[in-house]
Amino acid sequence: MGTEKFPDQNDYAGYLNENSGYNNAYTSGNHTNYYLDCSNEAIEGALDRFAQFFIAPLLDQSCVDRELNVEFFYLVFSHFHLLGC
């Protein structure tokens, strides 16, 4: 998902990759944790890009649909045990 300041959908991941970094996230019962790692010299740029997701996201429909599909499949597959699968 891009942002107004960084509209390329791959800018954040690309920036981290170019600066020896990575990111990930996970959601538990009542909160989501985001984390990232990158070179010290790149932290300001990484945090700027991350913050822009909350300040001015571009909610492109294809990105929204992709995220909804991820969440749907997570919910389905994480609850298979309730269905006896």
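Residues numbered from 1 in each chain as written. Predicted model: local features only at pLDDT ≥ 70, side-chain atom pairs only at ≥ 80, totals over all residues. Heavy atoms only, no water.

Remarks on the nonpolar core
Inference 1: Listed in full, the six residues of the largest apolar core are Tyr12, Tyr15, Leu16, Cys38, Ala42 and Ala46.
Inference 2: When residues of this core are assigned to their parent elements, the largest contribution, three residues, is made by helix α1 (residues 11–18).
Inference 3: Dropping the residues within four chain positions of it, leucine 16 is found in contact with Gly21, Tyr22, Asn23, Leu36, Asp37, Cys38 and Ala46. (Core = buried A, V, L, I, M, F, W, Y, C linked by side-chain atoms within 4.5 Å. Buried < 20%, exposed > 50% of the residue type's maximum accessible area, 1.4 Å probe, protein only. Helix = DSSP H or I, 4+ residues; strand = E, 2+ residues; numbered from the N terminus. Contact = heavy atoms within 4.5 Å.)

So, the pattern of salt bridges
Inference 1: Evaluated as defined, the whole model comprises two salt bridges.
Inference 2: With its nearest N and O atoms 2.6 Å apart, the salt bridge here joins aspartate 48 to lysine 5. On the criterion of sequence distance, the pair formed by aspartate 48 in helix α2 (residues 43–55) and lysine 5 in the segment before α1 is long-range, its members being 43 residues apart.
Inference 3: Judged by its relative accessible area of 48%, lysine 5 falls in the partly exposed class. (Salt bridge = Lys/Arg side-chain N within 4 Å of Asp/Glu carboxyl O.)

A short note on the packing of aromatic side chains
Inference 1: In the structure shown here, the tally under the stated rule is five aromatic pairs.
Inference 2: Arranged with centres 6.2 Å apart and planes meeting at 35 degrees, the rings of tyrosine 12 and phenylalanine 50 form a pair that is tilted. Here phenylalanine 50 lies in helix α2 and tyrosine 12 lies in helix α1, a separation of 38 residues in the sequence.
Inference 3: Accessibility expressed as a relative area gives 21% for phenylalanine 50, which makes it partly exposed. (Phe/Tyr/Trp six-rings, centres within 6.5 Å; stacked < 30°, edge-to-face > 60°.)

Brief notes about the packing of α1 against α2
Inference 1: With their axes 10 Å apart at the nearest point, α1 and α2 run at an angle of 165 degrees to one another. In terms of orientation, α1 lies roughly antiparallel with respect to α2. At the point where α1 passes α2, the crossing takes the left-handed sense. Residues Asp11, Tyr12, Tyr15 and Leu16 of α1 pack against Gly45, Ala46, Arg49, Phe50 and Phe53 of α2. (Axes fitted to C-alpha atoms, helices over the stretch in contact; angles between N-to-C directions. Parallel < 35°, antiparallel > 145°, perpendicular 65-115°, else oblique. Left-handed = near helix turned anticlockwise from the far one by under 90°.)

Observations regarding the environment of arginine 66
Inference 1: Its place among the elements puts arginine 66 in helix α3 (residues 61–78).
Inference 2: For arginine 66, a relative accessible area of 40% corresponds to the partly exposed category.
Inference 3: Ignoring anything within four residues of it in the chain, the contact list for arginine 66 reads Met1 and Gln9.

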